[in-house]
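# Architecture at a glance
Read off the chains here:
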Amino acid sequence: MAAGQSFNERKQTLIAFLCDFDLYGRNRPVYKLKTTVEGQEDILVDRGKPMLYLT
């Protein structure tokens with residue numbers, strides 16, 4: 001981001017982790033993580049960068 005640029009103007013980013021093992025042991029090929037507020041899991045936080053774990 002450029003100095004003075006609004007956070008809402010940021011470019012979309014995707015973070016992907018490629019794993020040769022099942023990170024959570026649930027036999028799923030993809031885990032998409034969402035950020036929530038602890039104790040208020042109905043509040044989703046949009047950080048503008050989805051995170052995926054690919055197994």
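The present account deals with the structure reproduced in this document. Predicted, not measured: the structure shown is a model, and the values here were computed from it. (Residues numbered from 1 in each chain as written. Predicted model: local features only at pLDDT ≥ 70, side-chain atom pairs only at ≥ 80, totals over all residues. Heavy atoms only, no water.)

## Considerations on the overall build of the chain
When its secondary structure is counted, the chain shows 0 helices and 5 strands. Taken from N to C terminus, the helices and strands of the chain fall in the order β-β-β-β-β. Each of the three principal axes of the chain carries a C-alpha extent, and together these read 45 × 30 × 10 Å. Put simply, the chain has 55 residues, and 9% of those count as buried. Partitioning the intrachain contacts of the chain with sequence separation of at least 6 by distance along the chain shows that 57% fall at a separation of at least 24. Of the accessible surface of the chain, which amounts to about 4,900 Å², a share of 52% is contributed by carbon and sulfur atoms. Averaging the locations of the 8 positively and 7 negatively charged side chains of the chain gives two centres separated by 5 Å. (Helix = DSSP H or I, 4+ residues; strand = E, 2+ residues; numbered from the N terminus. Buried < 20%, exposed > 50% of the residue type's maximum accessible area, 1.4 Å probe, protein only. Contact = heavy atoms within 4.5 Å. Areas by Shrake-Rupley, 256 points an atom, 1.4 Å probe, with all protein chains shown as cover. Lys, Arg positive; Asp, Glu negative; His and termini not counted. Charge placed at Lys NZ, Arg CZ, Asp CG, Glu CD.)

## Some points on the packing of aromatic side chains
For any two aromatic rings, the description comes down to two numbers: the centre-to-centre distance and the angle of the planes. Under the criterion given, the structure shown has 3 aromatic pairs. Look at F17 and Y53: their rings are 4.7 Å apart centre to centre, the planes differ by 15°, and that puts the pair in the stacked class. Here Y53 lies in strand β5 (residues 51–54) and F17 lies in strand β1 (residues 15–18), a separation of 36 residues in the sequence. Here Y24 and Y31 contribute two aromatic rings whose centre-to-centre distance is 5.0 Å and whose plane-to-plane angle is 75°, an arrangement assigned as edge-to-face. Overall, the relative accessible area of 45% leaves Y24 in the partly exposed class. An aromatic cluster is present here, built from F17, Y24, Y31 and Y53 joined pairwise through their rings. (Phe/Tyr/Trp six-rings, centres within 6.5 Å; stacked < 30°, edge-to-face > 60°.)

## Quick word on the sheet that holds strand β2 (residues 30–33)
Backbone-to-backbone hydrogen bonds join strands into a sheet, with any given pair of strands oriented parallel or antiparallel. Strands sit in the order β1-β5-β2 across an open sheet of 3 strands; the sheet is mixed. Edge positions in the open sheet fall to β1 and β2, since each of these has one partner strand only. Ignoring which end each strand starts from, the neighbouring axes of this sheet average 15° apart. As defined by bridge partners, β1 adjoins β5 across 4 bridges and the pair is classed as parallel. Bridge pairing in β5 links L18 to L54. (Pairing = 2+ DSSP bridges. Axes fitted to C-alpha atoms, helices over the stretch in contact; angles between N-to-C directions.)

## What about the pairing of β5?
Looking at chain direction, β2 and β5 are connected through 4 bridges and run antiparallel. Looking at the pairing, K32 lines up with L52 of β5.

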